[in-house]
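Topology and contacts: notes
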Amino acid sequence: MGHKCNCSEMTIKSIFLQWSVAIKEHERLLDDLARWTNVNTIELSDIYMDWDPEVSGHDAFLSVPNAEGIHDLRPPLLGERELNVLLSYMELVRSKGLDVACNFTPLFVCLPDEPSMACVDVRGKPVIFSHGFPVGCPNNPTVKRYSEVMLRQVVSTWSHANRICMNHMEYPLWANGGIQELLVCFCQWCQAKAEDQGIDFKHVRHEVETLYDALLQDRKHSSGPEAIFSAGCVMGYLFKHPLVASWIKFRLDSMTEYVTDLVGIGRQAANEHNPDLKFGLEFILPAMATVFGTDFVSLSPLFDWITPKFPDYLPGSIIPKVAKEIASASGGSWDTEQTMRPIRQLFDLGPGPDTYVPVSNPIPDIDYLNAYDLSIPARQMKHLESIVGSVPIYPYLWLTNHDLDHMRGKVNAVRELGFQGQFVWCWEKDLSPDAIKAAKGVF
């Protein structure tokens, strides 16, 4: 039985375009999308850069005209001429009858020389995302100032935008530097806030360090990974270590406060500059969202729609990376695939394939081709059911490895659940004239 929302909201069928591709392909790309797909929204980033790590050069610039309020941070800004090209492109998009959505990511701080704005992991190191971006802490006052200025600038400058997609309102989840990067944040601002609330922060940090050590201990004589990653074992651990549970709750409350304040500032700016502007929340896999700080149930009333993500990179890269590190510490008792299985089941990603197929040619953020199970959207519905019908929901899907058959399966899976729209991420090769024509009827 499908899950439908009766809210009055245009059905969004969006595709993300990197700025470099959008500007290079210009009108041709928009015309092809209009001719061969049902796309009605073009999602563009608040940061001008090429996200493909295979492309040489990773200069990044904020897509706003000035930095009033954060001049002291010396943020990289596009020049006036370059910015006008972007603004003219948005006008072109609207002239084609398409909506413009801004992918707004203030916690990916576009200030590579400011590690002081980054979350601090359990070992005391700043967490730096790819391209050198610090992953900002929502309790850091400089991060808050940066976020608020950026949002006001986008709202006032992107006059042709219909939508702001607030994205990555979460703590780090990529684990590029190891599992320790998942165990944040222990910066001075988190400590001050926690202690103001009566939380014994030093004891909390010790408990989280103990958790980190437990994940990577030698397991030569232990039972399999199911013994530590089953739902029952996780609940038992939190019961015995209540300070870890309080730390998770502290993160959740901190992010909720940050997002609530930010969306309020955005709506205030919209009332002044763009009263019809809509705001949405994009968040990681529903079963995992609260673990990484996004209380989408509490936040959903603040937004005009929400977008739960069903990303290939989660089962295809992040979980394998975490499992490999844990398995490597087992002294050879566990292997990576064996360790992945209970982690997948814990977060309702299904058991995974019997044999994982490694990527032969480099694909950004993907290590295995067959890690994404088409049952994932249906498995995740139990985590969304409390808000179904109260707010429009548009899942986020990834076109990976140019596999249109698999993409068709993903779209069909969310249609069977009653979702009529979606957001789509793809790469430049998927946007050639032939590729878009081949995608007819897929999205």
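Please refer to the structure placed before this passage.
Once that is clear, we can look at the packing of aromatic side chains. One pass over the structure, following the stated rule, counts 15 aromatic pairs. Their ring planes at 10° and their centres at 5.9 Å tell us that F186 and W247 sit as a pair that is stacked. Here W247 lies in helix α8 (residues 242–273) and F186 lies in the loop between β6 (163–167) and α4 (188–196), a separation of 61 residues in the sequence. Each member of the pair, F186 as well as W247, carries the same accessibility label: buried. Ring geometry for Y396 versus W398: centroids 4.8 Å apart, planes at 35°, classification tilted. For the pair Y396 and W398, a shared accessibility class is recorded, and that class is buried. Positioned above the aromatic ring of Y171 is the side chain of R251, whose terminal nitrogen or guanidinium carbon lies 4.4 Å from the ring centre.

The buried fraction of strand β5 (residues 99–104) is high, at 6 of 6 residues. Bridge count between strand β2 (residues 41–45) and β5: 5 bridges; the pairing is parallel. Within the sheet, the bridge partner assigned to E43 lies in β5 and is A101. In this fold, β5 hands off to helix α3 (residues 141–157), which returns the chain to β6; that crossover is right-handed.

Here we come to the sheet that holds strand β11 (residues 396–398). Reading across from one edge, β8-β7-β6-β5-β2-β1-β12-β11 is the order of the 8 strands in this open sheet, with parallel pairing throughout. Either end of the sheet is taken by a strand with one partner, and the two such strands are β8 (305–308) and β11. Strand-to-strand twist in this sheet, taken as the mean axis angle between neighbours without regard to direction, amounts to 25°. Of the pairings in the sheet, the one linking strand β1 (residues 13–16) to strand β12 (residues 422–425) comprises 3 bridges and is parallel in character. The residue of β12 that forms the bridge with I15 is V424. Along the sheet face, helix α1 (residues 19–36) touches β1 and β2 and points at about 180° away from the line of β2. Against the sheet, α8 contacts β5, β6 and β7 (278–283), and its axis sits at roughly 155° relative to β7.

What counts and how
Along each chain, numbering runs from 1 in the same order as the chain's sequence is written. Given that the model is predicted, a residue must reach a pLDDT of at least 70 before its local features are reported, and side-chain atom pairs must reach 80 or more before they are shown or counted; all residues, however, enter totals for whole chains, interfaces and linings. The basis for every side-chain value is the complete set of non-hydrogen atoms in the structure, without hydrogens or water. Paired rings are identified among Phe, Tyr and Trp, the last through its six-membered ring, by centres lying within 6.5 Å, and are further divided according to the angle between planes into stacked (under 30 degrees), edge-to-face (over 60) and tilted (the rest). Runs of E in the DSSP output that reach at least two residues are strands. Runs of H or I that reach at least four are helices, and both are numbered from the N terminus. Only protein chains enter the area calculation, which uses a 1.4 Å probe; residues under 20% of their type maximum are buried, those over 50% are exposed, and those in between are partly exposed. Consider the ring centre and the ring normal. A charge sits over the ring if Lys NZ or Arg CZ is within 6 Å of that centre and within 35 degrees of that normal. Paired strands, in this sense, are two strands between which DSSP finds at least two bridges. When the strands point away from the viewer, a crossover counts as right-handed if the path from the first strand over the helix to the second runs clockwise. Helix axes are fitted to C-alpha atoms over the stretch in contact, other axes to C-alpha atoms as well, and angles between N-to-C directions run from 0 to 180 degrees. Whether two residues touch is decided by their heavy atoms; if any such pair falls within 4.5 Å, the residues are in contact.

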